[in-house]
Amino acid sequence: MNRWLGPALAAPVTLCLLLSFAAPMLVVAMLSLHEVADPFGPLLQRPSLAQFTVIATDPFYSRVIRETMLLGFGVTAICIVLSYPLAYWLARMPAKWRPLAFSVILIPLLTNVVVRSLGIILLLAPEGLLNSVTGLVGLPPMRNMLFTHGAVAIALAQVFMPFMVLALYDSLQNTSPRVHEAAESLGASPAVRFLTVDLPLSLPGLRAGIVIVFLTSTTAYVSATLLGGKKVWTTGMLVVQEAINYLNAPMAAALALMMTAIGLAFAALTSFLIGRLMPWTSGRKSRPVTPPKAVLAVIDVVGRPISWLLLAAALLLLLLPLVLVCVQSFNDVPQATASGFRGFTLRWYEAVLWGGAYADSFWVSMRLALASMVVALALALPAAFALARHPFRGRSVLLVFWLLPLSLPGIAIGVGMLRLLQIYVAIPPFIGLMAIHVVVILPFAITLLTASVMALDRALEEAAASLGANPARTFLLVTLPALAPGLFAAGMVGFLLSFGEVTVTSFVTTARLTTLPVRIYADSTFSLEPTAHAISALLIAFTVVALILIGRAVRLDRLYAR
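Analysis parameters
Residues numbered from 1 in each chain as written. Predicted model: local features only at pLDDT ≥ 70, side-chain atom pairs only at ≥ 80, totals over all residues. Heavy atoms only, no water. Helix = DSSP H or I, 4+ residues; strand = E, 2+ residues; numbered from the N terminus. Rg over C-alpha atoms; globule rule 2.2 N^0.38 Å. Buried < 20%, exposed > 50% of the residue type's maximum accessible area, 1.4 Å probe, protein only. Contact = heavy atoms within 4.5 Å. Phe/Tyr/Trp six-rings, centres within 6.5 Å; stacked < 30°, edge-to-face > 60°. Lys NZ or Arg CZ within 6 Å of the ring centre and 35° of its normal. Axes fitted to C-alpha atoms, helices over the stretch in contact; angles between N-to-C directions. Parallel < 35°, antiparallel > 145°, perpendicular 65-115°, else oblique. Expected span 1.5 Å × (residues − 1). Core = buried A, V, L, I, M, F, W, Y, C linked by side-chain atoms within 4.5 Å. Salt bridge = Lys/Arg side-chain N within 4 Å of Asp/Glu carboxyl O. pLDDT = per-residue confidence, 0-100. Left-handed = near helix turned anticlockwise from the far one by under 90°. Nonpolar A, V, L, I, M, F, W, Y, C, P; charged D, E, K, R; others polar. Patch = residues over 30% accessible without salt bridge, like charges linked within 9 Å, V, L, I, M, F, W, Y side chains within 5 Å. Areas by Shrake-Rupley, 256 points an atom, 1.4 Å probe, with all protein chains shown as cover.

S.K.: Describe the overall build of the chain, and please don't skip the residues or the numbers.
M.R.: Tallying secondary structure elements over the chain gives 24 helices and zero strands in all. For 562 residues, the compact-globule formula gives about 24 Å, and the C-alpha radius of gyration of the chain, at 25 Å, lands near that figure. Principal-axis analysis of the C-alpha atoms places the extent of the chain at approximately 65 × 65 × 55 Å. Counting only residues that meet the buried cut, the chain has 52% of its 562 residues in that class. In the chain, the proportion of contacts linking residues at least 24 apart, taken out of those at least 6 apart, comes to 79%.

Laid out in structure tokens, this is it:
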């Protein structure tokens, strides 16, 4: 019986992901082989490479794909440069302050992407904060920063930098203090110690961060739409346009599949190149690199001030857009894009709270987030026990499959699910939306709950069993209460992720089931009224309160620990 307990506990989450994640991806692959778009045609048709031929021969598609890849490289480079000082700062933070410092990462990470993009608009607008600051020192205003590739790159770096920081932090915090002591005893300065010790040992985290940031940034479309203003096109925007505006699902599927293939090829190349820099992981002898003394002397002088400047830039990029959104929500201006504080007002909050325009969308988001959170926890808890206590053959492969939704583009899942719901018309739209949100939540819930299960004191369960409690009674009265903090933290994180999800949701939302983030995104696309900032500020406050509650249950810096 015990031999089958692990696979049995792993079965529910595996079945759910097969239906809600693998099936949409299979549908995307089948749609991409359709010769022409037929929204009401059969899914299984004679395969054709017509869509891929159009993409390969049309200069417009080729240019957009090329520019999207360059944008992905740029965003990844920005994230690497800014994330290292921040991750290093977090890893060296005293233990009692680390949970508070970790909120710097978690607040933006759990705030929806539309809110963060609105903050970047306020930063780069012609009368925005950046031009106001440069004007104080006599520099002429830069009025063309918005709707450029640079603006989109900054917005995407703000959105995806937390993933890079978390990946690097995971590696940096595991470096033994004795290794640092050994380097210092050999005369290494802090800057040299970072280059010769911390940097090589953090390469596994760097590899994971590069793959996640590149894959997600090359398929993002919300920030690109808001910051690009239809002057900058990305493949994510093309997929949304083809799937929703033109009902050309085959072309959308081919584009999504092509970007997925490019992303996976990039991931394989990155893994190979960084693997070459870590010969010790394969048992090969490493060759230590000793920089020239002149270079080391320069690094010792400029290394510390540059690292502090980059740390300040990273913190500003993460938090400043959120602060600007909160300030703008009290600004008495006719349009949200009109920067510069004109006067204090609460009328945008009155319009949001009592005007009723956002109330329906708010309740849709609440119901959806609660239902998705409960289902995700019910699936993730048995999976966590399977991983932590009941090892079985193929567990590692299964874990990769469970975490795959983190790294594959959400737009591909959205296109596939859109088509699946058209076929299975009997499935209520709410269930379809919930299935997508459960897929988004599950990787985080499984990771968090596995760590909680591994930390359980099994002596308490053994004591209960020795006193005559059967397994069910032991689980309900001993195990489950001990897991309560972990369940609460995983539930809150899942709720916030679902509540702020917009990338995939916008594919399958309906007029009666428009979530709050999708509603804000739609309003921001057509007419940016300050009410969007008021509701965004409320969402930021909601996230901060939720993190405070989570912090009372578990240490915030343990939320993403392996």
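After that view of the structure, there is still more to cover.
S.K.: Quick rundown of the packing of aromatic side chains? Include the residues and the values.
M.R.: A complete count under the given rule lists 19 aromatic pairs for this structure. Plain terms: the ring middles of Tyr84 and Phe194 are 5.7 Å apart, the flat faces sit at 85 degrees to each other, and that makes the pair edge-to-face. Taken together, the residues span a long stretch of sequence, with Tyr84 in helix 3 (residues 59–91) and Phe194 in helix 9 (residues 190–201) at a distance of 110 residues. Through a chain of ring-to-ring contacts, three or more aromatic side chains come together here, namely Phe362, Trp363, Phe495, Phe499 and Phe542. The side chain of Arg92 reaches across the aromatic face of Tyr88, ending 5.0 Å from its centre.

S.K.: Please provide a residue-by-residue account of the packing of helix 15 (residues 347–354) against helix 24 (residues 531–553), values included.
M.R.: Look at helix 15 against helix 24: their axes get within 8 Å of each other, and the N-to-C directions meet at 75 degrees. As the angle between them shows, helix 15 and helix 24 are arranged roughly perpendicular. Contact residues: helix 15 offers Trp348, Tyr349, Ala351, Val352 and Leu353, while helix 24 offers Thr531, Ala534, Ile535, Ala537 and Leu538.

S.K.: Got a sec to walk through helix 5 (residues 113–124)? Specific residues and values, please.
M.R.: Compared with an ideal rise of 1.5 Å per residue, which puts twelve residues at 16 Å, helix 5 spans 17 Å between its outermost C-alpha atoms and is within 8% of the ideal. Counting buried residues along helix 5, twelve of its twelve residues qualify, which places the element largely inside the surrounding structure. Listed in full, the buried residues belonging to helix 5 are Val113, Val114, Val115, Arg116, Ser117, Leu118, Gly119, Ile120, Ile121, Leu122, Leu123 and Leu124.

S.K.: Break down the nonpolar core for me, with residues and values.
M.R.: By size, the foremost hydrophobic cluster in this structure holds 170 residues, and its most contacted members are Leu227, Trp402, Val415, Leu442, Phe507 and Ile520. Beyond its immediate stretch of four places on either side in the chain, Leu442 contacts Val13, Cys16, Leu17, Ala376, Leu379 and Ala380.

S.K.: Account for the environment of Phe499, naming residues and giving values.
M.R.: On the secondary structure map, Phe499 appears in helix 21 (residues 471–500). When the C-alpha positions of Phe499 and Pro485 are compared, they lie 21 Å apart, and in sequence the two are 14 residues distant. Not counting chain neighbours up to four residues away, the residues in contact with Phe499 comprise Phe362, Ser365, Met366, Ala369, Leu516, Pro517 and Leu539.

S.K.: Just give me the short version of unusual backbone geometry, but keep the residues and values in it.
M.R.: Both trends apply: most residues other than glycine have a negative phi, and most peptide bonds are in trans. For Phe147, which is not glycine, the phi dihedral falls at a positive 60 degrees. Locating Phe147 in the fold gives a position in the loop between helix 6 (129–136) and helix 7 (149–172). Its identity is not glycine, yet Leu247 carries a phi of approximately 55 degrees, on the positive side. Secondary-structure assignment places Leu247 in the loop between helix 12 (235–245) and helix 13 (249–276). Residue class for Leu247 comes out partly exposed when judged on its relative accessible area of 48%.

S.K.: Residues and numbers for the environment of Ile535, please.
M.R.: By secondary structure assignment, the location of Ile535 is in helix 24. On the basis of relative accessibility, which here comes to 6%, the residue Ile535 falls in the buried class. With 187 residues separating them along the chain, Ile535 and Trp348 place their C-alpha atoms 8.6 Å apart. Dropping the residues within four chain positions of it, Ile535 is found in contact with Val352, Leu516 and Ile520.

S.K.: So what about the side chain of Gln51? Which residues, and what values?
M.R.: One can find Gln51 in helix 2 (residues 50–57). With a relative accessible area of 5%, Gln51 lands in the buried category. Beyond its immediate stretch of four places on either side in the chain, Gln51 contacts Ser32, His34, Glu35, Val36, Pro250, Met251 and Ala254.

S.K.: Residues and numbers for the environment of Asp360, please.
M.R.: Its place among the elements puts Asp360 in helix 16 (residues 359–389). Along the sequence, Asp360 and Leu516 sit 156 residues apart, while their C-alpha atoms lie 8.4 Å from each other.

S.K.: Would you mind going over helix 10 (residues 203–217) in detail, with residue names and values included?
M.R.: For helix 10, built from 15 residues, the straight-helix expectation of 21 Å at 1.5 Å per residue is met to within 8% by its first-to-last C-alpha distance of 21 Å. Of all 15 residues making up helix 10, eleven are buried, and the element is well covered by its neighbours. All of the buried residues along helix 10 are Leu203, Gly205, Leu206, Gly209, Ile210, Val211, Val213, Phe214, Leu215, Thr216 and Ser217.

S.K.: Got a sec to walk through the pattern of salt bridges? Specific residues and values, please.
M.R.: A complete count under the given rule lists four salt bridges for this structure. Across the pair Asp332 and Arg347 runs a salt bridge, and its minimum N-O distance is 2.7 Å. Residue Asp332 is found in the loop between helix 14 (293–328) and helix 15, and its partner Arg347 is found in helix 15; the two are separated by 15 residues along the sequence. Classification of Asp332 as partly exposed rests on a relative accessible area of 33%. With a closest N to O distance of 2.7 Å, Arg389 and Glu461 form a salt bridge. Of the two residues, Arg389 is situated in helix 16 and Glu461 in helix 20 (residues 458–466); the sequence distance between them amounts to 72 residues. Assessed through its relative accessible area of 15%, Arg389 is described here as buried.

S.K.: An account of the confidence of the model for the chain is requested, with residue identities and associated values reported.
M.R.: Per-residue confidence for the chain gives a mean pLDDT of 83, with 94% of residues at or over 70. Between the elements of the chain, mean pLDDT differs from a low of 76, seen in helix 18 (residues 410–423), to a high of 93, seen in helix 3.

S.K.: So what's going on with the packing of helix 4 (residues 98–110) against helix 24? Which residues, and what values?
M.R.: At a closest axis distance of 10 Å, the pairing of helix 4 and helix 24 adopts a crossing angle of 130 degrees. The orientation of helix 4 with respect to helix 24, classified from their angle, is oblique. The way helix 4 lies across helix 24 gives a crossing that is right-handed. Mapping the contact onto sequence places Leu106, Ile107 and Leu110 in helix 4 and Thr543, Val544 and Leu547 in helix 24. In terms of residue class, the contact of helix 4 with helix 24 is built from five nonpolar, one polar and no charged.

S.K.: Break down a nonpolar patch on the surface for me, with residues and values.
M.R.: A surface patch of nonpolar side chains, amounting to about 490 Å² of accessible area, comprises Val323, Val327, Phe341, Phe344 and Leu346. Within the element layout of this structure, Leu346 appears in the loop between helix 14 and helix 15. A relative accessible area of 43% places Leu346 in the partly exposed class.

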